Amino acid sequence: MGEHPSPGPAVAACAEAERIEELEPEAEERPPAAPEDHWKVLFDQFDPGNTGYISTGKFRSLLESHGSKLDPHKREVLLALADSHADGQICYQDFVSLVAFFLYNGVSLDQFVLQVTHPRYLKNSLVYHPQLRAQAWRYLTYIFMHAGIEHLGLNVVLQLLVGVPLEMVHGATRIGLVYVAGVVAGSLAVSVADMTAPVVGSSGGVYALVSAHLANIVMNWSGMKCQFKLLRMAVALICMSMEFGRAVWLRFHPSAYPPCPHPSFVAHLGGVAVGITLGVVVLRNYEQRLQDQSLWWIFVAMYTVFVLFAVFWNIFAYTLLDLKLPPPP
């Protein structure tokens, strides 16, 4: 007595089906939207008629909405790329390529790789900063950042003009040795001679290659058979002078963001010092075994002594001198 009979199988199955039917709309979840869907929604906002095209005027308005992050010159470049057919229309595929790649990634590139006047550029984990000198990788990885597109462009020109021919003659191992030695010497020279400044750019390695090449040409001028050696020297010297002059001006020019100091130019001088010592020996004697030459070992010893001196300088000198360093990023 008092016990209710259990429902039959048919009734139980019916009730379970009704419960599943009620829960189904809530249990059903949409998968996360793919990046392509995001750009399609954005594109459709400018193409309400679903024509598959938007006008360059509407694309300009989209770029101008990011005006605080993208400078006017870069906007004009993107507009020129978008209207490559000069018909005033942009299809969806071009829109995705330009916006998703150039705009989305270009803003980050501008802030953290190419634009050292941005107040957050020092937060990049690649740049050398005196407050973070204990992070040893920064003495090498600073070469992946540059002080603007002009800085990057001049370094690329010098590497193509000098580095590629040198690698074809002397091999990648020797040229890589000179390049890396110049990079490390550049950042260490800054930590010793310009202790309060950060460092960006590959100028230390580039200047090591160029100065070694130019010194080698001067030392072997009469024996070198090259019709354009004077022209190559002139172009290299002009590019080096322009890039070095810009670096000196930038270092002493008042910063737009005072807590954010401008990068040092001393890395250039460290690269030159490596080029006219270690680099000259490597390039001048590429047909012989370097291990059999006393001058090679002398310059290797000099470089090693400098590196050890700079390491101990970084450990003790900053504390003893009680310098006022820029705030940590």
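All values derive from a computational prediction rather than experimental measurement. (Residues numbered from 1 in each chain as written. Predicted model: local features only at pLDDT ≥ 70, side-chain atom pairs only at ≥ 80, totals over all residues. Heavy atoms only, no water.)

This part is about the overall build of the protein. Of the regular secondary structure elements, the protein holds 12 helices and 2 strands. Listed N to C, the secondary structure of the protein is α-α-β-α-α-β-α-α-α-α-α-α-α-α in terms of helices and strands. With 329 residues in all, the protein has 40% of them scored as buried. Long-range contacts, defined here as pairs at least 24 residues apart, represent 72% of the contacts in the protein between residues at least 6 apart. Surface exposure of the protein reaches about 19100 Å², of which carbon and sulfur atoms provide 65%. (Helix = DSSP H or I, 4+ residues; strand = E, 2+ residues; numbered from the N terminus. Buried < 20%, exposed > 50% of the residue type's maximum accessible area, 1.4 Å probe, protein only. Contact = heavy atoms within 4.5 Å. Areas by Shrake-Rupley, 256 points an atom, 1.4 Å probe, with all protein chains shown as cover.)

This brings us to the nonpolar core. Y128, Y142, L158, V210 and V274 are the most contacted members of the largest nonpolar core, which has 46 residues in total. Going through the elements one at a time, α7 (149-170), α8 (172-193), α9 (203-219), α10 (229-252), α11 (266-284) and α12 (294-321) are the ones with two or more residues in this core. Tallying contributions element by element places α8 first for this core, with 10 residues. Not counting residues within four places of it along the chain, the set of residues in contact with V274 comprises V178, A181, G182, A185, A208, G279 and Y303. Within the second largest apolar cluster, 6 residues are counted, among which are L122, V127, A147 and L250. (Core = buried A, V, L, I, M, F, W, Y, C linked by side-chain atoms within 4.5 Å.)

Turning our attention to a nonpolar patch on the surface. On the surface, L308, V311, F312, I315, F316 and L320 cluster together into a nonpolar patch covering about 630 Å² of accessible area. On the basis of relative accessible area, L308 is assigned to the partly exposed category, the value being 47%. (Patch = residues over 30% accessible without salt bridge, like charges linked within 9 Å, V, L, I, M, F, W, Y side chains within 5 Å. Salt bridge = Lys/Arg side-chain N within 4 Å of Asp/Glu carboxyl O.)

For the rest of this paragraph, the subject is empty space enclosed by the protein. According to the stated counting rule, one finds 1 cavity of 30 Å³ or more in the structure shown. Of the volumes computed, that of the largest cavity is approximately 90 Å³. A147, H151, V200, E243, R246, A247, L250, P263, S264 and H268 together form the lining of the largest cavity. Per-element tally for the lining of the largest cavity: the top contributor is α10, with 4 residues. Class assignment of the residues belonging to the lining of the largest cavity gives a composition of 5 nonpolar, 3 polar and 2 charged. (1 Å grid on protein atoms, 1.4 Å probe; cavity = no way out; pocket = protein on both sides within 12 Å on 5 of 7 lines; lining within 4 Å. Points joined across faces, edges and corners; volume = space filled by probe spheres on them. Nonpolar A, V, L, I, M, F, W, Y, C, P; charged D, E, K, R; others polar.)

Let us look at the UniProt feature "transmembrane region" (unreviewed entry) in the protein. Under the UniProt annotation, "transmembrane region" (unreviewed entry) lies at residues 139-164, 176-193, 199-218, 230-252, 264-283 and 295-321. Overall, residues 139-164 shows 73% helix and 0% strand. The separation of its end C-alpha atoms is 24 Å. Secondary structure across residues 295-321 divides into 100% helix and 0% strand, with the first and last C-alpha atoms of the span separated by 36 Å. (UniProt positions renumbered as here; feature names shortened; annotations may be inferred.)

Moving on to α7. Look at α7: 30 Å from first C-alpha to last across 22 residues, which is about the 32 Å you get at 1.5 Å a residue. At L160, α7 shows its maximal bend, which comes to roughly 35°. Turning to α7, its buried residues number three or more, namely H151, L154, N155, L158, V162, G163, L166 and H170. Just downstream of α7 lies G171, where phi reads positive at about 95°. (Expected span 1.5 Å × (residues − 1). Bend = angle between axes of the 7 residues up to and from the residue.)

Turning our eyes to something else, we now look at the side chain of S203. In this fold, S203 is placed in helix α9. Of the residues examined, S203 reaches a relative accessible area of 2% and is grouped as buried. A distance of 3.3 Å separates a polar atom in the side chain of S203 from a polar atom in the side chain of H268. Excluding anything up to four places from it in sequence, S203 contacts H151, N155, E243 and H268. (Polar contact = N/O pair within 3.5 Å; in protein donor to acceptor, adjacent residues only side chain to side chain.)

A few words now on the packing of α7 against α8. Taken N-terminus to C-terminus, the directions of α7 and α8 make an angle of 135°; their axes are 7 Å apart at the nearest point. Comparing the axis directions of α7 and α8 gives the class oblique. Contacts between α7 and α8 pair Q159, L166, E167 and H170 from the former with A172, R174, I175 and Y179 from the latter. A per-class count over the contact of α7 with α8 returns 4 nonpolar, 2 polar and 2 charged. (Axes fitted to C-alpha atoms, helices over the stretch in contact; angles between N-to-C directions. Parallel < 35°, antiparallel > 145°, perpendicular 65-115°, else oblique.)

Attention now moves to the side chain of N155. Tracing the chain through its elements places N155 in helix α7. When sequence neighbours within four positions are dropped, the list of residues in contact with N155 reads H146, S202, S203, V206 and E243.

This part is about α10. Residues spaced three or four apart along an α-helix point in a common direction, a consequence of the helix completing one turn every 3.6 residues. Here α10 contains 24 residues, and its C-alpha end-to-end distance of 35 Å stays within 8% of the 34 Å for a straight helix at 1.5 Å per residue. Taken together, the buried positions of α10 are occupied by K229, M233, A236, C239, M240, E243, A247, L250 and R251.

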